[in-house]
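What the coordinates show
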Amino acid sequence: MKKIDVEQKEIQALYGRLDKEAEASGYHLNPDEEFAKDLVRSLLINEKRYGYWACPCRLASGVKDDDLDIICPCDYRDADLTEHGSCYCALYVSQDVLEGKKAVGSIPERRPSAEERQKREGGAPSVAVSSLSLPVWRCRVCGYLCARDGPPEICPVCKAKKERFERFL
Amino acid sequence: MKATHVKGKDRGHIFLFALSTCGWCRKTKRLLQNLGVAYEYIDVDLLKGKEKTEAEKEMRRWSPRTSFPTLVINDEKSVVGFDEARIREAIGI
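An unreviewed UniProt entry annotates chain B as Glutaredoxin of candidate division TA06 bacterium DG_24.

Per an unreviewed UniProt entry, chain A carries the name ferredoxin:thioredoxin reductase and comes from candidate division TA06 bacterium DG_24. Comment text from UniProt for chain A, heading Catalytic activity (unreviewed entry), reads "[thioredoxin]-disulfide + 2 reduced [2Fe-2S]-[ferredoxin] + 2 H(+) = [thioredoxin]-dithiol + 2 oxidized [2Fe-2S]-[ferredoxin]".

Structural data, given as structure tokens:
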């Protein structure tokens, strides 16, 4: 696979956008700007390579449906922020890390193995909710819930795209 | 697998499974460079088809969930993740 080049101004633009969006929703980019920008560069490389922002620190399959859970921000970010103070690749960090109260490091992988992921597929909502006037959709990334005919185009909280929503109720 | 060789002091066979895009893999490569040890690495995301599948299979022996970086020393022990203290200990520096 050939090396992909990314221009500095593309990195700067995306870094600025992600930083703004994160701060507006209570998330934070890694204050180590050089480290964070390297990861933003990697997201841009993966966008050109796969067509989506596959996590820079995970091996993408290249099949979007199989990689949905690791498209940045990944399904595991928020749980890792709570438990470890950063997401897996450490693009995002917690308030404690931002304030220097906690250090970031390499953390264990939360993503289940391919076999475990396959087993989890197809779990339809089990609660009887026939009385609800609308279905409830859940953002797998940040947990945002909304009751409407279909999920929103983009999560208003974490900016994850429509395909990251699941039927919750 | 076509691994890239980095010259340095011989501290046994040090092999790194990495991703070209990963920040922790970059830090691991930098650490090994700073320690001045000879090592080999492979950026698994730059492999294709059969080569990629083979690298993943080999990697699973050391890191069942194929987490990056995975450092293998003398084909007998491994360090998964960027953990400077554990890497130094495993190499014996």
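So that's the structure; there's more coming.
Side note on the interface of chain B and chain A
The partner chain A presents 28 residues to the 20 residues of chain B that form the contact. When chain B packs against chain A, close to 1900 Å² is buried across both sides, 53% of that on carbon and sulfur atoms. By the criterion of area lost to chain A, the three top residues of chain B are Thr21, Trp24 and Arg65 of chain B, representing 35% of everything that side buries. Counting across the interface, chain B meets chain A through nine residue pairs in polar contact (both at pLDDT 80 or more). If you list the elements that add at least two residues to the side of chain B that touches chain A, you get helix 1 (23-35) and helix 2 (49-60) of chain B.

Section: the domain arrangement of chain A
Residue and element names in this part refer to chain A. Splitting chain A by domain gives domain 1 (6-118) and domain 2 (134-165). Taking only C-alpha atoms into account, the centre of domain 1 sits 19 Å from that of domain 2. Listed per partner, the contact involves 12 residues of domain 1 and eight residues of domain 2. Around 850 Å² of area is buried between domain 1 and domain 2 when both sides are counted, 46% of it from carbon and sulfur atoms.

Quick notes on the rules
Residues numbered from 1 in each chain as written. Chains lettered and ligands numbered in written order. Predicted model: local features only at pLDDT ≥ 70, side-chain atom pairs only at ≥ 80, totals over all residues. Heavy atoms only, no water. UniProt positions renumbered as here; feature names shortened; annotations may be inferred. Contact = heavy atoms within 4.5 Å. Buried area = accessible area lost by both parts, 1.4 Å probe. Polar contact = N/O pair within 3.5 Å; in protein donor to acceptor, adjacent residues only side chain to side chain. Helix = DSSP H or I, 4+ residues; strand = E, 2+ residues; numbered from the N terminus. Domains from an automatic or database assignment.

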